[in-house]
Amino acid sequence: MTDTPVDTEEAFARLEMPMIEAMQTQRAVRRLHTDPVDDDLLLRLLELSLKAPTSSNSQDWAYIVVKDRAQKARLARLYRVLYRTFNPLVRRSVEGDPEAKRQVRPGQWQAENFEDIPVFVIPCYRRTLKHAPVGFPQISVSSFYGSVYPAVQNLLLACRAVGLGASLQTLPIWFVPAAKRILGLPWNVNPVCIIPIGWAKGRYGPTKRIPIEEVVHVDHYGNRAFMSPA
Ligand SMILES: Cc1cc2nc3c(=O)[nH]c(=O)nc-3n(C[C@H](O)[C@H](O)[C@H](O)COP(=O)(O)O)c2cc1C
């Protein structure tokens, strides 16, 4: 847990964290300090994140880094419209489950404080005939999004290592045309998600996930060979 912003030099040193520790503890950290994040540090994390693979090594990425207060406020307004629209469904789904209810609170905090978050990173990708966010055959869709999410996960892991809170979010930009207008994106560049970043107030992992035996199917779906008989 990181309660206070970390000095930049110390943050760079923390990049040496063992990979297994970063992977086991990386999770969505939504409660963030409002203190600024050093540009040199952020650029290094973005550089590391872009060591990721892309379909055909196309590297048609654009990272929009939003720090300007007015831009953040525009994104916050868009987010709140979407949050107010869809959050009632989330609330209903966690009704009667105190643990799940507790988990949605940091999301509420973010929706209320979105423009105070120091920086947003919005990974975008250029659509081409081969790599498109919509369309047929479906392979182009998987190649489009699949060219962005490996880099996103790298960024989340790098943030975790240095102690920056971060989370992968899509709801704030679900209405893509509005997000594109705010960000001034050309018609063929699409935002994929938004990663609010700041020094972590919230806690990192360990995370809880479904046991591996339940997830692995051998040779064909349904043959969960690693699961012990009930
Ligand atoms: C494709 C995708 C979209 C997501 N969109 C949102 C989002 O809009 N808002 C949000 O708060 N979290 C979002 N998340 C984060 C997930 O809710 C989070 O990773 C998941 O609940 C597990 O939480 P944990 O990593 O803290 O254990 C998204 C994650 C993914 C992979």
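Residues numbered from 1 in each chain as written. Predicted model: local features only at pLDDT ≥ 70, side-chain atom pairs only at ≥ 80, totals over all residues.

Undergrad: Help me out: how do you make sense of the packing of helix 4 (residues 69-94) against helix 8 (residues 176-183) in this one?
TA: Helix-helix packing is described using two parameters, namely the angle between the two axes and the distance between the axes. Axis separation between helix 4 and helix 8 bottoms out at 10 Å; the angle between their running directions is 170 degrees. Considering the angle they form, helix 4 stands roughly antiparallel to helix 8. On helix 8, the residues touching Gln 71, Arg 74, Leu 75 and Leu 78 of helix 4 are Ala 178, Ala 179 and Ile 182. Here the contact of helix 4 with helix 8 is composed, by residue class, of five nonpolar, one polar and one charged. (Axes fitted to C-alpha atoms, helices over the stretch in contact; angles between N-to-C directions. Helix = DSSP H or I, 4+ residues; strand = E, 2+ residues; numbered from the N terminus. Parallel < 35°, antiparallel > 145°, perpendicular 65-115°, else oblique. Contact = placed C-beta atoms within 7 Å. Nonpolar A, V, L, I, M, F, W, Y, C, P; charged D, E, K, R; others polar.)

Undergrad: Can you walk me through unusual backbone geometry in this structure?
TA: Only a minority of non-glycine residues have a phi that is not negative, and only a minority of peptide bonds are not trans. That bond from Gly 205 to Pro 206 is cis: its omega, 15 degrees, falls within 30 degrees of zero. Within the secondary structure, Pro 206 is located in the loop between strand 5 (195-199) and helix 9 (212-215). Even without being a glycine, Gln 59 presents a positive backbone phi close to 50 degrees. For Gln 59, the position within the fold is in the loop between helix 3 (39-49) and strand 1 (61-66). Take Gln 59: there are 14 C-beta atoms within 10 Å of it, and that puts it in the partly exposed class. Even without being a glycine, Asp 219 presents a positive backbone phi close to 70 degrees. Examined against the element boundaries, Asp 219 turns out to sit in the segment after helix 9. (Buried ≥ 20, exposed ≤ 12 C-beta atoms within 10 Å, placed from the backbone.)

Undergrad: Honestly, the pairing of strand 2 (residues 119-126) in this entry has me stumped. Any pointers?
TA: As a general feature of sheets, a regular strand has side chains that alternate between the two faces. Within strand 2, six of the eight residues are buried, which leaves it mostly tucked inside the rest of the structure. Here six bridges tie strand 1 to strand 2, and the two strands are oriented antiparallel to one another. Across the sheet, the residue bridging to Tyr 63 is Pro 123, located in strand 2. Across three bridges, the pairing between strand 2 and strand 4 (residues 189-191) is antiparallel. Within strand 4, the position partnered with Arg 126 by the bridge is Val 189. (Pairing = 2+ DSSP bridges.)

Undergrad: Which parts of the structure should I look at to understand the site of the ligand?
TA: Arg 27, Ala 28, Gly 107, Ser 167, Leu 168, Gln 169, Thr 170, Leu 171 and Thr 207 make up every residue found near the ligand. Of the residues contributing to the shell around the ligand, the split by class is three nonpolar, five polar and one charged. (Near = placed C-beta within 6 Å.)

Undergrad: Just checking my understanding: could you explain helix 7 (residues 149-162) for this structure?
TA: Every α-helix winds through 3.6 residues per turn, so residues three or four apart in the chain are directed the same way. With 14 residues, helix 7 extends 20 Å between its outermost C-alpha atoms, agreeing within 8% with the 20 Å of an ideal straight helix rising 1.5 Å per residue. Inspection of helix 7 places Ala 151, Leu 155, Leu 156, Ala 158, Cys 159, Arg 160, Ala 161 and Val 162 among the buried residues, and these make up the whole buried set. Positive phi appears at Gly 163, one or two residues downstream of helix 7, with a value of about 100 degrees. (Expected span 1.5 Å × (residues − 1).)

Undergrad: How do you make sense of the pairing of strand 5 when you look at a structure like this?
TA: Counting buried residues in strand 5 gives four out of five residues, a clear majority hidden from the surface. As judged from the three bridges shared by strand 2 and strand 5, these two strands associate in the antiparallel manner. Residue pairing across strands places Val 119 opposite Ile 197, the latter belonging to strand 5.

Undergrad: Before we go on, may I ask you to explain helix 3 in this structure?
TA: Buried residues of helix 3: Leu 42, Leu 45 and Ser 49, and no others. Around the axis of helix 3, the buried residues are gathered within 65 degrees of arc, so they sit on the same side. Exposed side of helix 3, more than 90 degrees from the buried face: Asp 39, Asp 40, Leu 43 and Glu 47 are the residues found there. Where the residues of helix 3 are buried, they touch strand 1, strand 2 and helix 7. (Arc of directions from axis to C-beta.)

Undergrad: When you look at the packing of helix 4 against helix 5 (residues 98-113) in this model, what are you seeing that I'm missing?
TA: For the pair helix 4 and helix 5, interaxial distance at closest approach is 11 Å and the crossing angle is 170 degrees. Overall, the two elements helix 4 and helix 5 adopt an arrangement that is roughly antiparallel. On the side of helix 4, the interface is formed by Tyr 79, Arg 80, Tyr 83, Val 90 and Val 94, while helix 5 contributes Ala 100, Lys 101, Val 104 and Ala 111.

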